[in-house]
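# Structure at a glance
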Amino acid sequence: MSPSPRLRSMARLTAVAFTTLGFGASAQTYAFPGNSADLPEGSHWWISSDHGGTHNRDLSAVRFDDDEKRFTRVKIPFADYAADPKNSDWVIYGLPVTAIADGEVLTCWRNAPEGLKPMVYGNDDVPHPGRTSNPLRIPRSGNHVNVRTDDGKIILYAHLQPGSVPEALCPFNDTYVADAEDRVGDLPREVIVPAAQRVRVKRGQFLGRVGSSGASSNPHLHVHLQPMTSETTVGTSLPLPYSHAWRKSGNADHNSSIGFAPMQNEALDLFPSAIHPDPLLRRGDITGDPALEVAMAASGSMVVTATRDVTGRLAMNSWQLAPDGEFTKLYDASAGAATSIAMAHPHSSSTRDVVTALRDGSGSLKLIAWRVASNGSFERKGEAGGDANATEVNLVALPEGLGVASAFRDSTGHLKVSTWETSATLDTVTRRSNGFGEEATKVALTPILNGRVDGDVDRFTGVVTAVRTPSGNLSLTAWEITPQKTLIQRGTHLAGAVTDVSISTVTIGNSVRDMVVASVRLTNGVLRNISFDVSAAGQFVRRDHEDGEAILEVGSARVGAQHLVTPVRDTTGNLRVYTWDVDLEGKVHRSGKERAGAIVSGLAATPTTVGTRFVITAVRLTTGTGGGDLRLIAWEANLR
């Protein structure tokens, strides 16, 4: 039975109230140890009990059985499972496990075998002989990773699949220990990693896959947090407060995103609970006309798309986003022939109005200002441009004042950057300055308001370009923008080989410092995010990088403060949306990964707020006559 609109509204109000009441101050909050994109379609992580009244937690995963109208932990009908139970029948079996905090690997094991048969009705599992021998030859935690955090605690991830813990994290390759009960303090002696071989892990880093090794009656992930009372002793387990995830009661008779409430610094203390482990939760979507390209901007409830339609013309559309994430199509407008379409608001603060930049039918750059009324209707206003043979067109709002900045590949194949001032009425768009850069094959652009490093008194304000050079390398350039909107080229940075590039800005530490993050596709196809500080003098300081999986195409957008999203087309042709954050030291951490259906090239993302924060993705589907159908998806964002 599908929930009614009234039920959806009530569930949403409940979720908002839950968030408000549950939020509290804490010295440390943790990410969830898995991603929804790795789950089978329609599945969730799951917790059913408080582990005997402790703060230890055994995490599982469930799918919703439409016939029985309940959640179940096995992939097949229960009668079939009971007749021949296998670990691989469990929904959670083999799911990737990721670190929930930074730290150092203190103990680990990686090749212990799993139990011979998982439980069916309870207490009827068949353990491996290594768990019944004397002495015990398999550690209680089985294959595991024990991470000592930077604030003096230890986090255990236990019962992992044999061989799934990377050898780079765990130096032990034996199958069995000599005596699992031989301890140094509270730690089994043979699993303690020698100090010289201990490696660092970052939040979001892959640790292994869920299994059923050690003292485990069925596949699950055991996780707990304890204080370190000495180098080898631990105290009683502590509550594990999670953020950037969602949960709802497991006592449900239907399966949907309705009823999920955002977790903000909250322990898993409601049983049973279904858990959506990522910051983004898919809400509504809408399908538009076929398109050959797509650009997007949003302000509040107003979403504007600029596409190249199947006739090759610029098509403008406005859409209303409701607080529950549902879309309503409003108005449309069109202009002449267009390719290489980009769009931005003409002011860094909230405004419905937009400016489009494109290559027109003659091959020249054209900027068009559009007044967008509160009902979504369009009024075409001032225009400018004229640069011949412009390609790889990018457009962003100026970091200060009215206007936009463009970056494109000019007729000689070189980077050209321009500032444009828009009048308050949008009747005029006036070029104020040009900057000329290196030869480029791909171009990306982001504004920066407060570039600074330790010791800087002033700040850097301007834009940063990221290009792929003819030799295939990533090259960044900082362009200062003066109060008169004059461009001054400052620092540059040359990095490694890439095949695709996007760039965005994040704000660190209560708006005191902006950083830029280049999201690139490496030559091996892997997604990489690279963080940079920009000094007041416009010089780059590379801070960190973090990789994702192999992809075909990448985009990026900031989602408030230190958070970043990268929508990508993966190697199977599907949309994936990663979430990341950047900490005070510039370290990049992956906080989530969502999955949607098949798409073709061309994607965009933008944040907006309609009572709560959303990320909107715009993609082209594999359906559509003459082009991919436009699809907008609203993802509610639990990012604070």
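The structure reproduced in this document is the subject of the present report. Keep in mind that what you see is a predicted model, and the values were worked out from it rather than measured. (Residues numbered from 1 in each chain as written. Predicted model: local features only at pLDDT ≥ 70, side-chain atom pairs only at ≥ 80, totals over all residues. Heavy atoms only, no water.)

## Observations concerning the overall build of the chain
When helices and strands are counted, the chain shows 2 helices and 40 strands. For the chain, whose C-alpha radius of gyration is 26 Å, the value lies close to the compact-globule estimate of 26 Å for 640 residues. Each of the three principal axes of the chain carries a C-alpha extent, and together these read 85 × 55 × 40 Å. By residue count, 58% of the 640 residues in the chain fall in the buried class. Total accessible area on the chain is roughly 24200 Å²; 48% of this is exposed by carbon and sulfur atoms. A distance of 3 Å separates the average location of the 63 positive side-chain charges in the chain from that of its 68 negative side-chain charges. (Helix = DSSP H or I, 4+ residues; strand = E, 2+ residues; numbered from the N terminus. Rg over C-alpha atoms; globule rule 2.2 N^0.38 Å. Buried < 20%, exposed > 50% of the residue type's maximum accessible area, 1.4 Å probe, protein only. Areas by Shrake-Rupley, 256 points an atom, 1.4 Å probe, with all protein chains shown as cover. Lys, Arg positive; Asp, Glu negative; His and termini not counted. Charge placed at Lys NZ, Arg CZ, Asp CG, Glu CD.)

## Re the state of the cysteines
Counted according to the given criterion, the structure contains 1 disulfide. In this model C108 forms its disulfide with C170; the gap between the sulfur atoms is 2.2 Å. Looking down the S-S bond of the C108 and C170 bridge, the torsion is 90°, so its handedness is right-handed. One end of the pair, C108, is in strand 5 (residues 103-109); the other, C170, is in the loop between strand 7 (153-160) and strand 8 (183-184), with 62 residues separating them in the sequence. (Disulfide = S-S within 2.5 Å.)

## Looking at the nonpolar core
By size, the foremost hydrophobic cluster in this structure holds 45 residues, and its most contacted members are W45 and Y157. At the level of secondary structure, the elements contributing two or more residues to this core comprise strand 1 (43-47), strand 2 (57-65), strand 5, strand 6 (143-149), strand 7, strand 12 (221-227) and strand 13 (242-249). Counting residues in hydrophobic clusters, the runner-up holds 21 residues, among them A466, I503, L522 and V534. (Core = buried A, V, L, I, M, F, W, Y, C linked by side-chain atoms within 4.5 Å.)

## With respect to the environment of A598
Looking at where A598 falls in the secondary structure, it is placed in strand 38 (residues 588-609). Of the residues examined, A598 reaches a relative accessible area of 35% and is grouped as partly exposed. In this structure, the C-alpha to C-alpha distance between A598 and S256, residues 342 residues apart in sequence, is 21 Å. Contacts of A598, omitting those with residues within four sequence positions, involve G573, N574, L621 and T622. (Contact = heavy atoms within 4.5 Å.)

## Let's talk about the sheet that holds strand 27 (residues 429-439)
Pairing in this open sheet of 4 strands is antiparallel, and the strands run 24-25-26-27 from one edge to the other. Only two strands of the sheet have a single partner each, and these edge strands are strand 24 (391-397) and strand 27. Strand-to-strand twist across the sheet, computed as the mean angle between neighbouring axes with direction ignored, equals 15°. Here strand 26 (residues 414-422) pairs with strand 27 via 8 bridges, running antiparallel. If you follow T419 over to strand 27, its bridge partner there is S433. (Pairing = 2+ DSSP bridges. Axes fitted to C-alpha atoms, helices over the stretch in contact; angles between N-to-C directions.)

## A look at the environment of N434
Relative to the helices and strands, N434 is located in strand 27. It is 18 Å that separates the C-alpha atoms of N434 and A342, two residues lying 92 residues apart in sequence. Sequence-distant contacts of N434, that is, excluding residues within four places in its chain, are made with K416, V417, S418 and L487. Side-chain polar atoms of N434 contact the side chain of S418, separated by 2.7 Å. (Polar contact = N/O pair within 3.5 Å; in protein donor to acceptor, adjacent residues only side chain to side chain.)

## Details of the side chain of S535
Mapped onto the elements of the fold, S535 is located in the loop between strand 33 (526-534) and strand 34 (540-554). The exposure class of S535 is buried, given its relative accessible area of 8%. With near-sequence residues (within four places) excluded, S535 lies in contact with G451, R452, V453, D456 and F460.

## Quick word on the packing of aromatic side chains
Any pair of aromatic rings gets described here by the distance separating the centres and the angle formed by the planes. Scanning all chains against the criterion turns up 11 aromatic pairs. Relative to Y242, the ring of F32 lies with its centre 5.3 Å away and its plane at 50°, an arrangement referred to as tilted. With F32 in the loop between helix 1 (5-22) and strand 1 and Y242 in strand 13, the pair connects residues that are 210 residues apart, well separated along the chain. Each member of the pair, F32 together with Y242, is buried. (Phe/Tyr/Trp six-rings, centres within 6.5 Å; stacked < 30°, edge-to-face > 60°.)

## Describing the sheet that holds strand 20 (residues 327-344)
Ordered in space as 17-18-19-20-21-22-23, the 7 strands form an open sheet in which the pairing is antiparallel. Bordering the open sheet on either side are strand 17 (293-299) and strand 23 (378-385), each of which pairs with just one other strand. Strand after strand, the sheet turns through a mean of 25° between neighbouring axes, direction not considered. Pairing of strand 18 (residues 302-308) with strand 19 (residues 313-321) involves 7 bridges; the strand directions are antiparallel. Residue pairing in the sheet places M302 in a bridge with Q320 of strand 19.

## As for unusual backbone geometry
The amide bond that connects N134 to the next residue, P135, takes the cis arrangement and shows omega of 0°. The peptide bond linking F271 to P272 adopts the cis configuration, its omega dihedral lying at -10°. In this fold, P272 is placed in the loop between strand 14 (261-266) and strand 15 (273-276). Residue E392 is not a glycine yet carries a positive backbone phi of 55°.

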